[in-house]
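One letter stands for each residue in the lines below.
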Amino acid sequence: MSTSTSAVHAHKAEIFCKDESRVDWHSKALWMLREKRDRAAGSLPEWEQLRQIGSEMKLHTLTHLSQYLEEFDKNCLNNNIQVHWAKDGAEHNRIVHSILAKHEVKKLVKSKSMLTEECHMNPYLEERGIEVIDTDLGERIIQLAGQPPSHIVVPAIHLKKEEVGDLFHDKLGTDAGASDPLYLTRAARAHLREQFLSADAAMTGVNMAIADKGAVVVCTNEGNADMGANLPKLQLHSMGIDKIVPNIDSAAVLLRTLARNATGQPITTYSSFYRGPQDGGEMHVIIVDNGRTDMLKDKILAESLKCIRCGGCLNTCPVYRRSGGYSYNYTIPGPIGIAVGAKNDDTNSIPWACTLCGSCSYVCPTKVPLDKIIHHHRRLKAEAGKLPYGKASYMPLVGKFMASETALNCSMSVARTALKILPGSLLKPFSGAWGKYRELPVAPNSSFEAWFKKNRG
């Protein structure tokens, strides 16, 4: 996909929107996941109760975070698991490299982990002579393509099967022009099996960490995390501090909602609990902060840490679906990417990559109030004097204009008349970016105020 020299979300989105057929296909593919989610949620009469319990449980855990992290650390040590603490991504990468270097690891197989993407771990290790193989099919596709993930659950959603076929022909030697998903999947399976058998160590992300058991839960649909963790003797698991849950009952609630909200499945094909190393092996857990503690200082932003990374908010977001994952200036795109990454956005543009429609909050399985958080980010940017697109200069004028009943009514009257008598080609340039990819509205016969006085006065 094309990239833009500008980092501003609107400019990157414009690049993506030039290919209208891809935009439509991308939006449709994601909306299919949203529809599957709705059917799965509707099949459970207790769905809203599960959402409420999940929300309250995550809030409880976040407000007792130090207690549960210490409990988890203690129980991990009792299970012969080595625990490491990292304040940021750089320290995480140094810890991982020190463990691998100690064991003279040359090849690491890794299952899906957005945290390692957040820490930019792969290039760090590769620069130090360690080959990193992403073993999730979608992650392997984009790794071969030299791209970052464009979605947190379906990372290669932006690529069509024909593009994957061409990539596999170039990198894996599959038949030229072959694009059958079954054929390509079998080719990837054979390729990855060789990587598993020749790996020196394995690494996974963590969906949940169970405090009272000293165990980590890893959810996959392909079994790649289990292949990795059970072949090499050395296994590593990276987790953010927000992944902690008190007990198995808490994990069970989230397991019932995670896959349903992500892909419409009752549960992921593999939901694996790791509670100790193999015989003669080592198991390491790296616990990472990387700005999460700072988020806890803000009562509104702290709720974004309830997220279980199901990706449901991306699938329903009208902006993400039609602007693509690469238009955001953060590792994680979409509504949750704005919620957790807006503070790190140097362009100060992604808080405005949102219509505030609230659909993301409606589907969230732990009731993260994403629209409220995104609106709060806008306020924080405004208070810090970091409004984008000239908003600092023209928004106060818009506010005064909207506050004047006379000015507003006169301008709306002029707009209605213009829409009736002038051609769209003449008016479209005045509609700006909004009207570029939309048809202009049909002019109403009167203002709402006039209609209300006539019919309801």
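Residues numbered from 1 in each chain as written. Predicted model: local features only at pLDDT ≥ 70, side-chain atom pairs only at ≥ 80, totals over all residues. Heavy atoms only, no water.

As recorded in an unreviewed UniProt entry, the protein chain goes by the name 4Fe-4S ferredoxin, listed as coming from Shewanella sairae.

Chemist: Teacher, can you tell me more about the sheet that holds strand E6 (residues 215-220) here?
Modeler: Sheet strands associate in pairs through backbone hydrogen bonding, adopting either a parallel or an antiparallel arrangement. The strand order across the open sheet built from four strands is E8-E5-E6-E9, with neighbouring strands paired in mixed fashion. Looking at which strands have only one partner, the edges of the open sheet turn out to be strand E8 (244-245) and strand E9 (270-274). Two elements, strand E5 (residues 208-210) and E8, share two bridges in a ladder whose sense is parallel. By the bridge assignment, Ala209 is partnered in E8 with Ile244. (Pairing = 2+ DSSP bridges. Helix = DSSP H or I, 4+ residues; strand = E, 2+ residues; numbered from the N terminus.)

Chemist: So what exactly am I meant to see when it comes to the nonpolar core here?
Modeler: In a soluble, globular protein the nonpolar side chains are often hidden away together inside. One finds Tyr320, Tyr328, Ile332, Ile336, Ile338 and Leu370 to be the most contacted residues of the largest nonpolar core, which totals 33 residues. Those elements that place two or more of their residues in this core are helix H2 (20-42), helix H15 (312-316), helix H16 (318-323), helix H17 (334-341) and helix H19 (370-383). Counting residues per element, this core draws most heavily on H17, at four residues. Shared between two domains, this core takes at least three residues from each, and those domains are domain 1 (1-15 + 311-403) and domain 2 (16-293). Not counting the four nearest positions on each side in its chain, Ile336 is found in contact with Ile152, Ser304, Cys307, Arg309, Cys313, Leu314 and Leu370. Judged by nonpolar contacts, the second largest core, of 21 residues, contains Leu65, Ala225, Ala229 and Ile241. (Core = buried A, V, L, I, M, F, W, Y, C linked by side-chain atoms within 4.5 Å. Buried < 20%, exposed > 50% of the residue type's maximum accessible area, 1.4 Å probe, protein only. Domains from an automatic or database assignment. Contact = heavy atoms within 4.5 Å.)

Chemist: How should the domain arrangement of the protein chain be read in this particular structure?
Modeler: Accessible area lost upon the coming together of the parts serves often as the stated size of an interface. For the protein chain, the assigned domains read domain 1 (1-15 + 311-403), domain 2 (16-293) and domain 3 (412-456). On a C-alpha basis, the centroid separation for the pair domain 1 and domain 3 is 27 Å.

Chemist: Where do I start with the state of the cysteines in this structure?
Modeler: Note: disulfide means a covalent bond formed between the sulfur atoms of two cysteine side chains. As enumerated under the stated definition, the model contains zero disulfides in all. Cysteine Cys307 remains unbridged, with the sulfur of Cys313 as its closest cysteine sulfur at 6.3 Å. (Disulfide = S-S within 2.5 Å.)

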